[in-house]
Amino acid sequence: RYISECPQVVRRVCHTGIIYSFVSEGDTVFDAGSHTNSMYIVVHGHLKYVSVQLSEHEVSPPTWISEPTLWMRWIHHGTLTAQVESKLCSVDAKQFQNIVGKHMHFSWEPRMYAVEYLENMKHLEGEITDLPMGFESRIAFGASEMAFRPSGSRGSRAHGSTFTSMFHHNNRSSQQSPQHSGSNRSLMRREPSQASSDEDRSSRQL
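It should be emphasised that the depicted structure is a prediction, and the values quoted were computed from it without experimental measurement. (Residues numbered from 1 in each chain as written. Predicted model: local features only at pLDDT ≥ 70, side-chain atom pairs only at ≥ 80, totals over all residues. Heavy atoms only, no water.)

(A) Structural view of the overall build of the protein. Each helix and strand in the protein was counted, giving seven helices and eleven strands. Expressed as a percentage of its 206 residues, the buried residues of the protein come to 46%. The long-range share in the protein, meaning contacts at least 24 apart out of those at least 6 apart in sequence, stands at 81%. Summing over all exposed atoms, the protein offers an accessible surface of approximately 10,500 Å²; the carbon and sulfur share of this is 49%. (Helix = DSSP H or I, 4+ residues; strand = E, 2+ residues; numbered from the N terminus. Buried < 20%, exposed > 50% of the residue type's maximum accessible area, 1.4 Å probe, protein only. Contact = heavy atoms within 4.5 Å. Areas by Shrake-Rupley, 256 points an atom, 1.4 Å probe, with all protein chains shown as cover.)

Written out as structure tokens, the structure reads:
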């Protein structure tokens, strides 16, 4: 939804806030209990995610992983391992927040999406993982109702606090982290900057 509503913002995120990485078969991308500051998008390949409750999930393109780190402080709730050589796009949460926080949003309000995301996380039933939670599409449509409207137009105006301030509030409210089960053994190899076609393809997943 964000790429269609605010393409100019997503382009800036792609230019300065993403890194492409290759992982080989058997490489661990992250471990349960490790802190993270990145959301991952699977570009190609195949990986396995095992949660702290030992549920197993096959992960393939265009799945995104660890979205909560964009909106709150987050610790991985499972371990992600490459089954074959795979390519990942990682979105740096701090860069994302800094770029998004500098723009006024007239058609889709990420601040309200973040607030709704946190509220849904608080009331989520069942196991919490790093994988998509299932409510993302529903709250994405609601965020458009809270976008900024010029004076005199119909609709609601978004809360005036800064994007960064909202993150500080979410960080204080984030849920308890799982017990650390080991250090991050990620063997990712960073790839040099990609052509704009790679950036555009990954931005469509945001």
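(B) Just the sheet that holds strand β2 (residues 28-30), in detail. Pairing is antiparallel in the open sheet, where four strands are placed in the order β2-β9-β5-β6. Every other strand in the sheet has two partners, leaving β2 and β6 (56-59) as the edge strands with one partner each. On average, adjacent strands in this sheet sit at an angle of 25° to one another, irrespective of strand direction. Where strand β5 (residues 47-51) lies against strand β9 (residues 78-82), five bridges are found, and the strand directions are antiparallel. Its bridge partner lying in β9, Ser 51 is registered against Gly 78. (Pairing = 2+ DSSP bridges. Axes fitted to C-alpha atoms, helices over the stretch in contact; angles between N-to-C directions.)

(C) The arrangement of the environment of Phe 135 in detail. Mapping Phe 135 onto the fold places it in the loop between α4 (110-122) and α5 (136-143). Of the residues examined, Phe 135 reaches a relative accessible area of 4% and is grouped as buried. Spatially, the C-alpha atom of Phe 135 lies 8.2 Å from that of Tyr 117, the residues being 18 residues apart in sequence. Apart from residues no more than four positions distant in its own chain, Phe 135 is found in contact with Tyr 117, Asn 120, Met 121 and Leu 124.

(D) A look at the pairing of β9. Counting buried positions along β9 gives four out of five residues, so the element sits mostly inside the fold. In the sheet, β2 pairs with β9 via two bridges, with the strands oriented antiparallel. From the neighbouring strand, Thr 28 faces β9, where its bridge partner is Thr 81.

(E) Looking closely at the pattern of salt bridges. Taken as a whole and judged by the stated rule, the model has two salt bridges. A salt bridge links Lys 48 to Glu 56, with the shortest nitrogen-to-oxygen separation between them at 3.6 Å. Close ionic contact of Glu 119 with Lys 122 constitutes a salt bridge, the shortest N to O distance being 3.5 Å. Taken together, the residues span about one helical turn, with Glu 119 and Lys 122 both in helix α4 at a distance of three residues. Judged by relative accessible area, Glu 119 falls into the partly exposed class, the value being 33%. (Salt bridge = Lys/Arg side-chain N within 4 Å of Asp/Glu carboxyl O.)

(F) Highlighting unusual backbone geometry. At the junction of Pro 61 and Pro 62, the peptide bond is cis and its omega measures out at 0° in the coordinates. At Ser 66, a residue that is not glycine, the phi angle is positive and equals roughly 65°. Here Ser 66 is to be found in the loop between β7 (64-65) and β8 (74-75).

(G) How the structure looks around the nonpolar core. If you look at the biggest cluster of nonpolar residues, it comprises 28 residues, and the most contacted ones within it are Leu 70, Trp 71, Val 91, Phe 96, Tyr 117, Met 121 and Met 133. At the level of elements, α2 (7-16), β1 (18-23), β4 (38-44), β10 (86-92), α3 (93-101), α4 and α5 are the ones that each hand at least two residues to this core. Ranked by residues supplied to this core, first place goes to α4 with five residues. In terms of nonpolar packing, the next biggest core, distinct from the first, is built from 13 residues, Val 23, Tyr 40, Val 42 and Val 59 among them. (Core = buried A, V, L, I, M, F, W, Y, C linked by side-chain atoms within 4.5 Å.)

(H) Here's a closer look at the packing of α2 against α3. Two elements in contact, α2 and α3, have axes separated by 10 Å at closest approach and are oriented at 145°. Our pair here, α2 against α3, has a crossing hand that is right-handed. On the side of α2, the interface is formed by Val 9, Arg 12, Val 13 and Thr 16, while α3 contributes Gln 95, Phe 96, Ile 99 and Val 100. (Left-handed = near helix turned anticlockwise from the far one by under 90°.)

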